[in-house]
Amino acid sequence: METGKLKIEYKQDNNVIQIYNSAKVCSLVINGKIADEYRGVVASRFKLKGTIEKENKAVQIVAEMGYFYMRLYYDGILVSKKFMAFG
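Just so it is clear, the structure is predicted and the values come from calculations on it, not from any experiment.

Before going further, it helps to examine the sheet that holds strand β5 (residues 46-54). Spatially, the 4 strands line up as an open sheet ordered β5-β6-β7-β8, and their pairing is antiparallel. Taken across any chain shown, the strands that pair with only one partner, and hence form the sheet edges, are β5 and β8 (77-83). Neighbour-to-neighbour, the strand axes of this sheet turn through a mean angle of 15°, independent of strand direction. Pairing between strand β7 (residues 69-74) and β8: 6 bridges, direction antiparallel. Across the sheet, Y74 pairs through a bridge with I77, a residue of β8.

Given below as structure tokens:
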């Protein structure tokens with residue numbers, strides 16, 4: 001399992017959401033398990049998606065890479081934004 005460097009970490013409701021990045025792969029990790037990965041040049045646009053169960057409801061987790069920034073959304077709310085253009 002290649003995950004690279006930890007770039008974003010967000011904690012809420014006893015859950016840990018992390019974004020790892022390397023030259024070959026970008027991974028969305030939820031509670032220690034890879035939920036989604038993007039393999040290829042990380043400079044392109046892509047989305048990583050996962051879910052967390054909270055009170056019998058699925059909470060959507062989305063990591064969205066734009067041209068320069070990675071945005072992390074927790075249940076539709078932007079919770080983190082990080083410049084990622086150079087890895």
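So, about the sheet that holds strand β2 (residues 15-21). Across the sheet, which stays open at both edges, the 4 strands sit in the order β1-β2-β3-β4 with antiparallel pairing between neighbours. Single-partner strands in this sheet number two, and they are β1 (5-12) and β4 (33-39). Pairs of neighbouring strands in the sheet enclose a mean axial angle of 15°, with direction left out of account. Looking at chain direction, strand β3 (residues 25-30) and β4 are connected through 6 bridges and run antiparallel. Residue pairing across strands places V25 opposite R39, the latter belonging to β4.

Further remarks concern the pairing of β2. Taking burial as the measure, the 7 residues of β2 include 6 buried ones, the bulk of the element. Relative to β2, β1 runs antiparallel, the two being bridged by 7 bridges. Bridging across to β2, K5 finds its partner in N21.

Here we come to the pairing of β5. Two strands pair when backbone bridges link them, and β5 and strand β6 (residues 57-65) are joined in this way by 9 bridges, in the antiparallel orientation. Within the sheet, the bridge partner assigned to L48 lies in β6 and is A63. Counting the residues in the hairpin turn of β5 and β6 gives 2 residues, including E55, whose phi is positive at 50°.

So, on to the nonpolar core. In this structure, I17, I19, I61, M70 and L72 are the most contacted members of the largest nonpolar core, which totals 18 residues. Those elements that provide at least two residues to this core are β1, β2, β3, β5, β6 and β7. When residues in this core are grouped by element, the largest group, 4 residues, is from β6. With residues near it in sequence (within four places) discarded, I61 still touches I17, L28, I30, L48, K49, G50, I52, L72, Y73 and Y74.

Here the focus is the packing of aromatic side chains. Here the structure, examined in full by the defined rule, presents 4 aromatic pairs. With 6.3 Å between their ring centres and 15° between their planes, F68 and F83 make a pair best called stacked. Note that F68 is positioned in the loop between β6 and β7 and F83 in strand β8, a separation of 15 residues in sequence. The interplanar angle of 70° and the centroid separation of 5.5 Å between the aromatic rings of Y69 and F83 together place this pair among those described as edge-to-face. With Y69 in strand β7 and F83 in strand β8, this pair connects stretches of sequence that are 14 residues apart.

Cut-offs used in this document
- Residues numbered from 1 in each chain as written.
- Predicted model: local features only at pLDDT ≥ 70, side-chain atom pairs only at ≥ 80, totals over all residues.
- Heavy atoms only, no water.
- Pairing = 2+ DSSP bridges.
- Helix = DSSP H or I, 4+ residues; strand = E, 2+ residues; numbered from the N terminus.
- Axes fitted to C-alpha atoms, helices over the stretch in contact; angles between N-to-C directions.
- Buried < 20%, exposed > 50% of the residue type's maximum accessible area, 1.4 Å probe, protein only.
- Core = buried A, V, L, I, M, F, W, Y, C linked by side-chain atoms within 4.5 Å.
- Contact = heavy atoms within 4.5 Å.
- Phe/Tyr/Trp six-rings, centres within 6.5 Å; stacked < 30°, edge-to-face > 60°.

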